[in-house]
Amino acid sequence: MSSQENFPHRHNSNGTHDSICRMCLATVATSFREADLAGFELRHLCDPVRVYRISQGWLTNPAISS
Ligand SMILES: [Zn+2]
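All values reported here derive from a predicted model rather than from experimental measurement.

**Q** Any details on the pairing of strand 2 (residues 17-20)? Residues and values, ideally.
**A** Both strand 1 (residues 9-11) and strand 2 contribute to a ladder of three bridges, which runs antiparallel. Across the sheet, residue Arg10 finds its bridge partner in strand 2, namely Asp18. Counted along the chain from strand 1 to the antiparallel partner strand 2, the turn is five residues long, and its residue Gly15 has a positive phi close to 95°. Relative to strand 3 (residues 27-31), strand 2 runs antiparallel, the two being bridged by four bridges. Each residue of the ladder has a partner; that of Ser19, found in strand 3, is Ala29. In this structure, the hairpin formed by strand 2 and strand 3 is closed by a connection of six residues, where Leu25 is found at a positive phi of approximately 65°.

**Q** Describe the environment of Phe7, with residues and values.
**A** Mapped onto the secondary structure, Phe7 falls in the loop between helix 1 (3-6) and strand 1. When the C-alpha positions of Phe7 and Leu25 are compared, they lie 9.1 Å apart, and in sequence the two are 18 residues distant. If we skip the residues at most four places from it in the chain, Phe7 touches Ser19, Ile20, Cys21, Arg22, Val28 and Glu41.

What counts as what
- Residues numbered from 1 in each chain as written.
- Predicted model: local features only at pLDDT ≥ 70, side-chain atom pairs only at ≥ 80, totals over all residues.
- Pairing = 2+ DSSP bridges.
- Helix = DSSP H or I, 4+ residues; strand = E, 2+ residues; numbered from the N terminus.
- Contact = placed C-beta atoms within 7 Å.

Listed below in structure tokens is the structure:
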């Protein structure tokens, strides 16, 4: 399994980890334990309207630039 590919993790200065959906760019979950993010990623469903807007270039997220 490679959830990191679809949900890159951002490491915050306060010690928490964000999981970010690559499809809809939503922050799926924030946790002090990075391992806990996997459960949220499994349950995540993208908002189709949001995905559509991103595909049209209406939303951008500088956190996912790589
Ligand atoms: Zn999503």
